[in-house]
Amino acid sequence: MSINLNDYYSADEWNLIKSEAAKHETPFLVVNLDIIRKSCQELKRFFPYAKIYYAVKSNPAPEVISLLRDLGVNFDIASRYELDRVLSLEVSPDRISYGNTIKKATDIRYFYEKGVRLFATDSEYDLRNIAKEAPGSKVFFRILSEGGETADWPLSRKFGCHPDMAIDLVILAKTLNLDPYGISFHVGSQQREIGAWDSAIAKVRYIFNYLNGENIQLKMINMGGGFPANYISKTNEMDVYAEEITRYLTEDFGDDLPEIILEPGRSMVAEAGVLVSEVVLVSKKSATGIDKWLYTDVGRFNGLVETFDESIKYPLYCEARGEYCEDFIIAGPTCDSQDIMYEYFRNPLPAYIKPTDRIYWLTCGAYTASYAAVEFNGFPPLKTYFVGGK
Ligand SMILES: *Cc1c(COP(=O)(O)O)cnc(C)c1O
């Protein structure tokens, strides 16, 4: 069974993408800005009480940043390079957070000098750097969270500290004349288990309570990203996430919520992008070989990094050669044996698919173009074309 295009795009959305795709040589990404606008408006409707900080790393294209800027979104930034990009698009620094807990003292100073006053941290060394290079700034403290097993792209182990350490850091921040502002967590990207937010919010409640006893009142909860995009592995719909997460929040914090921040990346931009590729070769390894190998002109190093460990299972769509499908091992074009997207997970494709046939990788707007190598084997970075957004 191959996928049903209607599960992913409306006829209008697809036609716009398709007609742009017809103009260009593969491989490339087409981003339909109308779909990003729709995702953004939906998220605002589902979380009317939250401030949105778009995680720029998921798709840092100027077209995307400008659209979200005009929709009133704020920006979560991880490096001075992202900062330069976003500031050059006339976003004011009071709409920016420096959300990376791993940063040089010189980077903190750079952000401070550009006017940014909201910083994430999860360690004493970094906190002391913030106190020194960005005096008086608001700081939020990232805690470790569970959910690594149910997130398709976990982010929960490398970042964050134990809640007790976060408490110590908050108290220290106060003595360093910083403004200890809130607590953040990220339950892991493409988090399929909504309960991951429940346990994280409970930890935040514990921290708020403890600090109340120390006469410190935190003002904000940053619930990170992790909201789903529509891939092969099913998830609940966004409205179910919103309803459940809102319930967890009100159970723990009542109706008098602190400021709530969301940092969506994937859920904001993934569905807007389609990666268009072409089949280069279909072959077998021996006359009696069972497996059919299919090589495309896009691979793990020019856009499909998130197929590492076959983590993200992109829906594949192919118009050519009829309905009858078979399984293929799908690999990229470079001379690297890691450049195999799917070997164990088998995406069905038309049995008689041939070189030069096009394969459309759906839901590819996040973590593709920005992740592509600059010239591995001489292949250029992935190009992006934009449609919609008017
Ligand atoms: C990557 C990242 C995000 C975005 O996560 P998604 O799962 O793509 O929504 C949000 N916040 C931080 C701190 C991140 O590093």
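You'll find the structure just up there.
Before going into details, it helps to say that this report is about the structure given with it. (Residues numbered from 1 in each chain as written. Predicted model: local features only at pLDDT ≥ 70, side-chain atom pairs only at ≥ 80, totals over all residues. Heavy atoms only, no water.)

**Considering the nonpolar core**
For clarity, the cut-off: Among buried residues, those of type Ala, Val, Leu, Ile, Met, Phe, Trp, Tyr and Cys that are joined through side-chain atoms within 4.5 Å constitute a nonpolar core. Under the scheme applied here, a residue whose accessible area is under 20% of the maximum for its type counts as buried, over 50% as exposed, and between as partly exposed, the area being computed with a 1.4 Å probe on protein chains only. Helical segments are the DSSP runs of H or I of at least four residues, strand segments are the runs of E of at least two, and each set is numbered from the N terminus. In what follows, residue pairs with any heavy atoms lying within 4.5 Å of each other are defined as contacts.
In this structure, W197 and W361 are the most contacted members of the largest nonpolar core, which totals 119 residues. With eight residues, helix 8 (residues 195–212) is the largest single contributor of residues to this core. When neighbours within four sequence positions are excluded, W197 is seen to be in contact with F185, V187, Q191, M223, G225, G226, F227, Y241, I245 and Y248.

**With respect to the site of the ligand**
Our working definition: Only heavy atoms are used to decide nearness, and a residue is near a molecule or strand if one of them lies within 4 Å of it. Accessible surface area values rest on a Shrake-Rupley calculation with a 1.4 Å probe, where residue burial reflects the displayed protein chains alone. Polarity classes work like this: nonpolar for Ala, Val, Leu, Ile, Met, Phe, Trp, Tyr, Cys and Pro, charged for Asp, Glu, Lys and Arg, and polar for all others, with Gly in that last group.
Taken together, 14 residues are adjacent to the ligand, and K57, S189, E263, G265 and Y367 come closest. Protein contact buries 93% of the 390 Å² of open area that the ligand shows by itself. Of the residues belonging to the shell around the ligand, the class tally is four nonpolar, five polar and five charged.

**Points about the side chain of S58**
As a reminder, the rule being used: We call two N or O atoms a polar contact when they sit within 3.5 Å, provided that within protein one can donate a hydrogen and the other can accept it, with sequence-adjacent residues counted only if both atoms are side-chain atoms.
Relative to the elements of secondary structure, S58 occurs in the loop between strand 2 (50–55) and helix 3 (62–70). When its relative accessible area of 1% is taken as the criterion, S58 is described as buried. A polar side-chain atom of S58 sits 2.9 Å from the main-chain carbonyl oxygen of A55.

**Points about the pattern of salt bridges**
Worth spelling out the cut-off: Here, a salt bridge means any Lys or Arg side-chain nitrogen found within 4 Å of an Asp or Glu carboxyl oxygen.
Scanning the entire structure with this criterion turns up 20 salt bridges. K23 is the partner of E20 in a salt bridge, and the nearest nitrogen-oxygen pair spans 3.0 Å. Of the residues examined, E20 reaches a relative accessible area of 12% and is grouped as buried. Overall, K23 belongs to the exposed group, its relative accessible area being 60%. A salt bridge links D357 to R321; its shortest N-O distance comes to 2.9 Å. With D357 in the loop between strand 18 (348–350) and strand 19 (358–361) and R321 in the loop between strand 14 (316–317) and strand 15 (325–327), this residue pair connects regions lying 36 residues apart in the sequence.

**What to know about the pairing of strand 5 (residues 118–121)**
Worth spelling out the cut-off: Strands pair, by our definition, only if DSSP identifies at least two bridges between them. A right-handed crossover is one whose linking path, passing over the helix from the first strand to the second, runs clockwise when the strands point away from the viewer.
Alternating positions in strand 5 separate into two faces, L118 and A120 on one and F119 and T121 on the other, with burial throughout. Pairing of strand 5 with strand 6 (residues 138–142) involves four bridges; the strand directions are parallel. If you follow T121 over to strand 6, its bridge partner there is F141. For the segment spanning strand 5, helix 6 (residues 124–133) and strand 6, crossover handedness is right-handed.

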